[in-house]
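# Observations on the model geometry
The lines below spell out each chain.
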Amino acid sequence: MEAGPSAMTTTHTSARPDAPAAPAEPPVDVLVIGAGFSGLGMLYHLLERGFSARVVEAGDDVGGTWYWNRYPGCRCDSPTEVYQFFFSKELLQDWDWTHVYPAQPEILSYLRHVADRFDLRRHISLETRVRSASFNDATGTWRSTLDTGEVVESRFLVTAVGCLSDPQVPAYPGLENFRGEWHHTSRWPHSGVDFTGKRVGVIGTGSSGIQVIPEIAKEAAHLTVFQRTANFSFPARNRPLRPGEMEEFKASYDAIHAEIRAAKLGQRFAPMPGSALAVPAEVRQRFYEESWARGNAVLLFSGWEDLLTNEEANATAADFVRSKIAERIDDPETRDSLLPRNHPLGTKRPPLDTEYFETFNRDNVTLVDLRRTPIEEFCDGGVRVQTGVPDESQVHELDVLVFATGFDAITGPLLEIDITGSGGMSLREKWQDGPLTYLGLATAGFPNMFTITGPGSPAVISNMPTAIEQHNEWIRDCLVYMRDHGYQRIETSATTEEEWTVHVSELAQETLLVKVDSWYMGSNIPGKPRRFLSYLGGVGTYGDVITGVAAKDYDGFTFG
Ligand code: N01
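All of the points below concern the structure found in this document. (Residues numbered from 1 in each chain as written. Predicted model: local features only at pLDDT ≥ 70, side-chain atom pairs only at ≥ 80, totals over all residues. Heavy atoms only, no water.)

### Quick word on the site of the ligand
This is how the line gets drawn: Each residue is tested against the molecule or strand, and it is near if at least one of its non-hydrogen atoms lies within 4 Å. Distance and chemistry together define a polar contact, namely a pair of N or O atoms within 3.5 Å, with one atom able to donate a hydrogen and the other to accept it when in protein, and with adjacent residues in sequence counting only for side-chain atoms on both sides. All accessibility values rest on the Shrake-Rupley procedure with a 1.4 Å probe; residue burial counts only the protein chains present in the view. Only DSSP runs of H or I reaching four residues or more are called helices, and only runs of E reaching two or more are called strands; each is numbered from the N terminus.
Around the ligand, the structure places 23 residues, and the nearest of them are Arg 75, Tyr 172, Ser 208, Thr 229 and Lys 348. Within the side chain of Arg 349, an N or O atom sits 3.3 Å from an oxygen atom of the ligand. Within the complex, the protein chains bury 87% of what would otherwise be the 910 Å² of accessible surface of the ligand. The element best represented in the shell around the ligand is helix H5 (residues 207-219), accounting for 3 residues.

### Observations concerning the pattern of salt bridges
To be explicit about the condition: Counted as salt bridges are all cases of a side-chain nitrogen of Lys or Arg within 4 Å of a carboxyl oxygen of Asp or Glu. Accessible area is worked out with a 1.4 Å probe on protein chains only. A residue is then buried under 20% of its type maximum, exposed over 50%, and partly exposed in between.
Tallying each qualifying case throughout the model produces 35 salt bridges. One salt bridge in this structure joins Glu 289 and Lys 324, with 3.1 Å as the shortest N-O distance. Of this pair, Glu 289 sits in helix H7 (residues 281-294) while Lys 324 sits in helix H9 (residues 311-327), placing them 35 residues apart in sequence. Here Asp 408 ties to Lys 528 by a salt bridge, and the two come within 2.6 Å at their closest N and O atoms. With Asp 408 in the loop between strand E16 (400-403) and helix H12 (412-415) and Lys 528 in the loop between helix H15 (494-509) and helix H16 (539-551), the pair connects residues that are 120 residues apart, well separated along the chain. By relative accessible area, Lys 528 is classed as buried at 14%.

### A closer look at H7
Spacing of three or four residues puts side chains on the same side of an α-helix, whose turn is 3.6 residues. What counts here: A helix's residues, less one, multiplied by 1.5 Å, set its expected span. As used here, the arc belongs to the directions running from the helix axis to the C-beta atoms. Two residues form a contact once any of their heavy atoms are found within 4.5 Å.
The end-to-end C-alpha distance of H7, which contains 14 residues, comes to 20 Å, matching closely the 20 Å that a straight helix rising 1.5 Å per residue would cover. Buried within H7 we find Arg 284, Phe 287, Tyr 288, Ser 291 and Trp 292. Viewed end-on, H7 has its buried residues packed into an arc of 130°, placing them on one side of the element. Facing away from the buried side of H7 by over 90 degrees, the exposed positions are Glu 282, Glu 290 and Ala 293. Residues of H7 that are buried sit in contact with strand E10 (234-235), helix H8 (298-301) and H9. After H7 finishes, the residue Gly 295 shows a positive phi value of roughly 85°.

### Quick notes on the sheet that holds E16
Either a parallel or an antiparallel arrangement is found when strands of a sheet pair, and the pairing is made through backbone hydrogen bonds. What counts, and what does not: At least two bridges found by DSSP between two strands is the condition for calling them paired. Simply put, an axis is a line fit to the C-alpha atoms, just over the touching stretch for a helix, and the angle between two N-to-C directions goes from 0 to 180 degrees.
Spatially, the 5 strands line up as an open sheet ordered E7-E16-E8-E9-E12, and their pairing is parallel. The sheet is open, and its two borders are formed by strand E7 (181-184) and strand E12 (365-369), each paired with just one other strand. Between one strand axis and the next, the sheet turns through 20° on average, direction left out of account.

### Let's talk about the packing of H7 against H9
The condition is simple: By the definition adopted for this analysis, an angle is roughly parallel if under 35 degrees, roughly antiparallel if over 145, roughly perpendicular if from 65 to 115, and oblique otherwise. A crossing counts as left-handed when the near helix is turned anticlockwise from the far one by less than a right angle, and as right-handed when that turn is clockwise. The classification used treats Ala, Val, Leu, Ile, Met, Phe, Trp, Tyr, Cys and Pro as nonpolar, Asp, Glu, Lys and Arg as charged, and all other residues, Gly among them, as polar.
Where H7 contacts H9, the two axes come as close as 11 Å, and the packing angle between them is 50°. Judged by the angle between their axes, H7 and H9 are oblique. Crossing of H7 against H9: the hand is right-handed. Contacts between H7 and H9 involve Arg 284, Gln 285, Tyr 288, Glu 289 and Trp 292 from the former and Ala 313, Thr 316, Ala 317, Phe 320, Val 321 and Lys 324 from the latter. In terms of residue class, the contact of H7 with H9 is made up of 6 nonpolar, 2 polar and 3 charged.

### Describing the environment of Gly 346
Within the secondary structure, Gly 346 is located in the loop between helix H10 (332-338) and strand E11 (352-353). Residue Gly 346 is classed as buried on the basis of its relative accessible area, which comes to 9%. A C-alpha to C-alpha distance of 12 Å links Gly 346 and Asp 306, two positions 40 residues apart in sequence. When sequence neighbours within four positions are dropped, the list of residues in contact with Gly 346 reads Leu 300, Leu 308 and Leu 513.

### As for the packing of aromatic side chains
Note the threshold: Aromatic contacts are taken between Phe, Tyr and Trp rings whose centres are within 6.5 Å, Trp giving its six-membered ring; a plane angle under 30 degrees counts as stacked, one over 60 as edge-to-face, and the others as tilted.
Tallied over the entire structure, the rule returns 43 aromatic pairs. On the numbers, 5.6 Å between centres and 85° between planes, the contact of Phe 378 with Phe 403 is edge-to-face. Of this pair, Phe 378 sits in strand E13 (residues 375-378) while Phe 403 sits in strand E16; the two residues are 25 residues apart in sequence, bridging distant segments of the chain. An identical accessibility class is assigned to Phe 378 and Phe 403; each is buried.

### Overview of the pairing of E12
Moving residue by residue along a regular strand, the side chains alternate between the two faces of the sheet. Most of E12 is tucked away: 4 of the 5 residues are buried. Inspection of the sheet shows strand E9 (residues 222-227) paired to E12 by 5 bridges, in the parallel sense. The residue bridging Leu 223 from the neighbouring strand is Val 365, located in E12.

### Some points on the pairing of strand E2 (residues 53-56)
Note the threshold: Consider the strands pointing away from the viewer: the crossover is right-handed when the path from the first strand over the helix to the second runs clockwise.
The side-chain alternation of E2 yields two buried faces, one formed by Ala 53 and Val 55 and the other by Arg 54 and Val 56. Bridge analysis of strand E1 (residues 28-33) against E2 gives 4 bridges, and the strand direction is parallel. If you follow Leu 31 over to E2, its bridge partner there is Arg 54. As a crossover connection, the stretch from E1 through helix H1 (residues 37-48) into E2 is right-handed. One ladder, built from 2 bridges, connects E2 with strand E3 (residues 124-125); its direction is parallel. Residue pairing across strands places Val 55 opposite Ile 124, the latter belonging to E3.

### Remarks on the environment of Thr 501
With respect to the helices and strands, the residue Thr 501 is situated in helix H15. The exposure class of Thr 501 is buried, given its relative accessible area of 14%. Along the chain, Thr 501 and Gly 538 lie 37 residues apart, while their C-alpha atoms are 15 Å from each other. Beyond its immediate stretch of four places on either side in the chain, Thr 501 contacts Pro 435, Leu 436, Thr 437 and Arg 531.

Written out as structure tokens, the structure reads:
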């Protein structure tokens, strides 16, 4: 085991859930909510710099996204050499990945290994949720109430709650009447689900649906896929790493790290300058063919920079991808429903797949196109859909129903916690028309609170661990700066966060992403303000911005 960070004092008191107790002991420096990539990395950095820290995690183990999402087929779609922590050279050298895109159990093992190797677990309370957190102006501390009834007082509150951790089940009536079992992909039973001989329905064809559908089809007696929006998907072309490949990565990690920190997507992809329309059609076609053969969304991520800003340019790539998808599907009617036509390529998060479209060529798989036959209700036997004939409906009989219906992204997990800032201001009320943040890291009126991968940061538009490490390091350095200067309190202002939020919005308005409904826009959640939630300037540029803020004595923040 590598020498772990030194043990720090943590403090807590017990209280009855109905009686908000006052903590008796001095506050812990930092309370971190969540023990996924963000929380584990944050904890490592805090302990390493001598802060006391406590992490509270709802799951019964660490892992975050990779703890909760255990559905068959679940795997990462960032290449393995970039999807990991870079904070420890020893960790990078010791850990061997097996595949270009590792499966969920492997990534979970990695995160468990990180927790053990750096002796992080003794600072983590598992199976515990933070119900509420409120800032006390008199003491300048946060007081957080856990679902155990315990109250934890901390000088700083850091949310590491993930961007896609608040799963959503559609509100069609009648789910309580369904006789079979149902599961959300993000709350998958640890014991697995046996589909053998069963009639299974999957609702949703985003990244999760596109991964789980081929796996269920191999096992179920019959699989019915309920599709509302046909999706562009790219073949992952996943494979085991070749002999010597891991050694090559290990020898190049410094260069890989520098590359992804400077890159727009935090990945080893870089868009080409110029317009897709400025080159001859044959040149475009050749590039698209070569990219397609490489797998992943290379065509989009390494393609011309106007693919996501110019509809005509985008159409050249979208037409190409549609033609490739069409080749993979035998039945003309099914093909017609599976071809994405209602949004430009890349405006919804592009999934990677393994044999997704080919799955619909199987005899035991049926596609239900919800644009033609919408869901009416869930019923005891399964899912009732309209048929297109007035007053006529049809029930798809099912034994198991799987919801791959996504998340209340980015703001959902934050607003699930009842967070109250200075003067009793509620975060839910403050953000009711949409989130306001400075750099996606802080929000005015909530002193000493940092939001890892919060709204207004690149996060979901990038390789998540790259974005997470940017935030982990920035927060660590900020706390060290405060300690060195004897500062107790940090906060941003309403003017500063307004300027940043407008900037984030202006960048988004230049793209096609704001024109479609997606979870990026919050439009998958009824009633959620429709607003692009992430920073599109890129991880490299964003890194320069937040480093520049720190270099100017945390420009945009005030200390007390
Ligand atoms: O969720 P989604 P997800 N009736 O929101 C449909 C990451 N991720 O869990 O498009 C019927 O993308 C909805 O239809 P529509 C990744 O960032 C990563 O798949 O809204 N259908 C859509 O088809 C990803 O983007 C990985 O019309 C309904 C689907 O459900 C993000 O997580 C793997 C419906 C939801 O798709 C979320 O992906 C998995 C309704 N009422 C996830 N409501 C990897 O890295 C929703 N749908 C590999």
